[in-house]
Amino acid sequence: PTDAQLLAVMGLCELDAGDSVAARDYLERGAQQGRMRPRALYELARLRLDEMRRAPEGERGLISVTQLIEVLNPLFAARASQPALPEVYELIGEAWMASSAPASRGHVAVLDEGVRLFPRRVPLMLTAAELFARHGFTAEARGFLEVADLLAAGDELKAKVVAVRTKLQK
């Protein structure tokens, strides 16, 4: 098949069936053919990031700028599509955290957008807090962490808040 949407659906079906290699092949081909839905773009970026984490080309065992761009391209395409997916913003943050690239305030501002769109999404706030702190934006990081602490429901989320707070205090 050469239709981007059909390739994307086939990729998502392979992913659901547990075959990430076949899924990635279909999703890559779909991305080359044209526009895909946000979930397909997200899954392509996730698969790319997983592979790049296994073979990082950057400093300190992190992914390189080139690898980061390969992950961010489908995520930013997904971000421009509807419906907006909170997972897209979370993966943008994870990709930056996995990267050796320095991030400016402008680079991480997309997570502000994600938090505004999904204000009750605690995992997104925690990712934003970690990313902002890592790149020197500590006031914003503390703000995200405070809100996440207020919203965290359940032992698992509360434990994650504590873990991020501990990490930021080091």
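Here we summarise the structure given alongside this text. (Residues numbered from 1 in each chain as written. Predicted model: local features only at pLDDT ≥ 70, side-chain atom pairs only at ≥ 80, totals over all residues. Heavy atoms only, no water.)

1. Section: the nonpolar core
Residues L75, W96, L111 and F132 are the most contacted members of the largest nonpolar core, which totals 51 residues. In this structure W96 touches L68, L72, A101, P102, A103, H107, L131 and R134, once residues within four positions along its chain are discounted. (Core = buried A, V, L, I, M, F, W, Y, C linked by side-chain atoms within 4.5 Å. Buried < 20%, exposed > 50% of the residue type's maximum accessible area, 1.4 Å probe, protein only. Contact = heavy atoms within 4.5 Å.)

2. Some remarks on the pattern of salt bridges
With the rule as written, the count across this model stands at 18 salt bridges. In this structure, R29 engages D25 in a salt bridge whose closest nitrogen and oxygen atoms are separated by 3.3 Å. Taken together, the residues span about one helical turn, with R29 and D25 both in helix 2 (residues 20–33) at a distance of four residues. On the basis of relative accessible area, D25 is assigned to the partly exposed category, the value being 38%. The residue R105 makes a salt bridge to E140 at a minimum N-O spacing of 3.3 Å. Of the two residues, R105 sits in helix 6 (residues 105–117) while E140 sits in helix 8 (residues 138–151), which places them 35 residues apart along the sequence. (Salt bridge = Lys/Arg side-chain N within 4 Å of Asp/Glu carboxyl O. Helix = DSSP H or I, 4+ residues; strand = E, 2+ residues; numbered from the N terminus.)

3. Some points on the packing of aromatic side chains
For the structure shown, the criterion picks out three aromatic pairs. When the ring of Y89 is compared with that of F118, the centres are 6.2 Å apart and the planes differ by 55°; the resulting orientation is tilted. Of this pair, Y89 sits in helix 5 (residues 86–97) while F118 sits in the loop between helix 6 and helix 7 (122–134), placing them 29 residues apart in sequence. Ring centres of F132 and F144 lie 5.1 Å apart, and the angle between their planes is 70°; this geometry places the pair in the edge-to-face category. Taken as a pair, F132 in helix 7 and F144 in helix 8 lie far apart in primary sequence, 12 residues in all. As far as burial versus exposure is concerned, F132 and F144 are alike and both buried. Grouped by ring-pair contacts, the aromatic residues F132, F137 and F144 constitute a single cluster. (Phe/Tyr/Trp six-rings, centres within 6.5 Å; stacked < 30°, edge-to-face > 60°.)

Such coordinate-based values are descriptive only and should not be taken to indicate function.
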